[in-house]
Amino acid sequence: MSDAKTTTDASGQRGFGVDIGGSGIKGGVVDLASGELLNDRIKYDTPQPSTPEAVAEVVAKIVDEAGWDGPVGITYPGVVREGKILTAANVDQSWIGTDAVELFKKALGGRDVAVLNDADAAAVAEDQFGAAKDSQGTVLLLTFGTGIGSGLLRGGVLVPNTELGHLKIGKHEAEHLASSAAKDREDLSYPDWAARVSTVLEALEAVLWPDVFVVGGGISRKADKWVPLLTCRTPVVPAVLRNTAGIVGAAHAIATGAQP
């Protein structure tokens, strides 16, 4: 186990991913053949204010603590195009316009990095290793956390930066209505929150008609308390990788050279 923390794998079977969220930043060494973490996940609170420089410092701390000396894949909770940040819904607004690749390269001593949307990374991970593995249909992954992230795939091909959590439903954005943060903020019971989630899923299925919804984020650990209560017609399955999916997808992205 200690060897997995301190060396890259010459055969390319190991990678390192860091998942940046609005409340926490976590990372770990990933077995790229199985999608499993090879070390204990390292996690720190997202700094406040969550400026690019402050977040990059935490990312470097995680990589250093793991003893990782190779390339790093990194997720970001917003739109990323060619390594540049276009939105900042759940982190400091100073992220907008930041060249995230250059930011993290500098923070990590010049090593190669890939930066992609966090839900896109989770969707790729679930497609490669988890609930959507080998699916040839349309898969829509939704991560419920500080906001609602989305990752859309058709036959394993990613449509990047969908950001469906910002879809307007009535007077509210979907994530303001039905994120797990909204559940906590309003102290909603699982049945009350599931009703809100159903409203979001039914709106999405009406326009996208996915073959399956994959639901992830930390609250997917308690999927038995709310998934059976959902009323949408599309099948809903819990994410297999749960809140490690972003780490796994980020590691996969840097290993394969995939970056929107």
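Note that the structure is predicted; figures quoted are calculated from it, not measured.

J.: Which parts of the structure should I look at to understand the sheet that holds strand β2 (residues 24-31)?
T.: What links the strands of a sheet is backbone hydrogen bonding, and the strands pair in either a parallel or an antiparallel sense. Across the sheet, 5 strands lie side by side as β3-β2-β1-β4-β7; this open sheet has mixed pairing. Each end of this open sheet is capped by a strand with a single partner; those strands are β3 (42-45) and β7 (113-117). For this sheet the average axis-to-axis angle between neighbouring strands, irrespective of direction, equals 20°. Direction of pairing for strand β1 (residues 14-20) relative to β2: antiparallel, over a ladder of 7 bridges. Directly across from phenylalanine 16, in β2, lies its bridge partner valine 29.

J.: For this particular structure, what's the right way to read the domain arrangement of the protein?
T.: Many structure descriptions define interface size as the accessible area lost when the parts assemble. In terms of domains, the protein is made up of domain 1 (14-120 + 244-256) and domain 2 (133-238). For domain 1 versus domain 2, the distance between C-alpha centres works out to 23 Å. Taken together, the 10 residues of domain 1 in the interface contact 14 residues of domain 2. On the domain 1 side of the contact with domain 2, Asn90, Ala119 and Asp120 bury the most area, a combined 55% of that side's loss. Our count for the domain 1 to domain 2 interface comes out at 0 salt bridges. Remark: the boundary between domain 1 and domain 2 carries 3 residue pairs in polar contact (both at pLDDT 80 or more). Classifying every residue of the side of domain 1 that touches domain 2 by side-chain character gives 4 nonpolar, 5 polar and 1 charged.

J.: Looking at this model, I keep getting lost on the packing of helix α4 (residues 118-129) against helix α8 (residues 245-256). Mind explaining?
T.: For any two helices packed against each other, the geometry comes down to the angle between their axes and how far apart the axes lie. As a packed pair, α4 and α8 sit with axes 7 Å apart at the nearest point and diverge in direction by 85°. It follows that α4 is roughly perpendicular to α8 by the angle criterion. Contacts from Ala121, Ala122, Val124, Ala125, Glu126, Gln128 and Phe129 of α4 reach α8 at Ala245, Gly246, Val248, Gly249, Ala250 and His252. Along the lines of polarity and charge, the residues of the contact of α4 with α8 split into 8 nonpolar, 4 polar and 1 charged.

J.: Can you walk me through the packing of aromatic side chains in this structure?
T.: Each aromatic ring pair is summarised here by two numbers: the centre-to-centre distance and the angle between the ring planes. What the rule picks out here adds up to 6 aromatic pairs. Geometrically, the ring pair formed by tryptophan 193 and tryptophan 226 is edge-to-face, given 4.8 Å between the ring centres and 65° between the ring planes. Of the two residues, tryptophan 193 sits in helix α7 (residues 190-208) while tryptophan 226 sits in the loop between β13 (212-216) and β14 (236-238), which places them 33 residues apart along the sequence. For tryptophan 193, a relative accessible area of 0% puts it in the buried group. On the basis of relative accessible area, tryptophan 226 is assigned to the buried category, the value being 0%. An aromatic cluster is built from Tyr76, Trp95 and Phe104, whose rings are joined through pairwise contacts. Over the face of the ring belonging to tyrosine 190 we find lysine 183, whose NZ or CZ atom lies 4.2 Å from the ring centre.

J.: Would you explain the confidence of the model for the protein in this entry?
T.: The predicted coordinates ought not to be read in detail in places where the model reports low pLDDT. Averaged over all residues, the pLDDT of the protein is 92; the fraction at 70 or higher stands at 94%. Throughout residues 1-11 the model reports pLDDT below 50, and contacts reaching past four residues in sequence, or to other chains, amount to 23 contacts.

J.: So what exactly am I meant to see when it comes to the pattern of salt bridges here?
T.: Note that side chains of opposite charge can pair when their charged atoms are close. In the structure shown here, the tally under the stated rule is 4 salt bridges. Between arginine 196 and glutamate 186 there is a salt bridge, with its nearest N and O atoms 2.7 Å apart. Separated by 10 residues along the polypeptide, arginine 196 in helix α7 and glutamate 186 in the loop between α6 (180-185) and α7 bring together distant segments of the chain. Taking relative accessible area as the criterion, glutamate 186 reaches 37% and is therefore assigned partly exposed.

J.: Would you take a moment to explain the packing of helix α2 (residues 52-66) against helix α3 (residues 100-107) for this structure?
T.: For the pair α2 and α3, the least separation of the axes is 9 Å and the interaxial angle reads 50°. Between α2 and α3, the angle falls in the class oblique. Pair α2 / α3 crosses with right-handed handedness. From α2, Pro52, Glu53, Ala56, Val59 and Ala60 reach across to α3, where they touch Leu103, Phe104 and Ala107. For the contact of α2 with α3, the residue count by class is 7 nonpolar, no polar and 1 charged.

J.: Looking at this structure, how should I read the sheet that holds β13?
T.: Strand order in the open sheet formed by 5 strands is β10-β9-β8-β13-β14, with mixed pairing between adjacent strands. The sheet is open, and its two borders are formed by β10 (157-159) and β14, each paired with just one other strand. Here the strands of the sheet are splayed against their neighbours by 30° on average, with no regard to which way each runs. Summarising the sheet, β13 and β14 pair through 3 bridges and their orientation is parallel. Following the sheet pairing, phenylalanine 213 is matched in β14 by valine 236. Together, β8 (138-144), β9 (148-154), β10 and β13 form the strand contacts of α4, whose direction differs from that of β9 by roughly 45°. Strands β8, β13 and β14 of the sheet are contacted by α7, whose axis makes an angle of about 150° with β8.

Calculation criteria
- Residues numbered from 1 in each chain as written.
- Predicted model: local features only at pLDDT ≥ 70, side-chain atom pairs only at ≥ 80, totals over all residues.
- Heavy atoms only, no water.
- Pairing = 2+ DSSP bridges.
- Helix = DSSP H or I, 4+ residues; strand = E, 2+ residues; numbered from the N terminus.
- Axes fitted to C-alpha atoms, helices over the stretch in contact; angles between N-to-C directions.
- Domains from an automatic or database assignment.
- Contact = heavy atoms within 4.5 Å.
- Buried area = accessible area lost by both parts, 1.4 Å probe.
- Salt bridge = Lys/Arg side-chain N within 4 Å of Asp/Glu carboxyl O.
- Polar contact = N/O pair within 3.5 Å; in protein donor to acceptor, adjacent residues only side chain to side chain.
- Nonpolar A, V, L, I, M, F, W, Y, C, P; charged D, E, K, R; others polar.
- Parallel < 35°, antiparallel > 145°, perpendicular 65-115°, else oblique.
- Phe/Tyr/Trp six-rings, centres within 6.5 Å; stacked < 30°, edge-to-face > 60°.
- Buried < 20%, exposed > 50% of the residue type's maximum accessible area, 1.4 Å probe, protein only.
- Lys NZ or Arg CZ within 6 Å of the ring centre and 35° of its normal.
- pLDDT = per-residue confidence, 0-100.
- Left-handed = near helix turned anticlockwise from the far one by under 90°.

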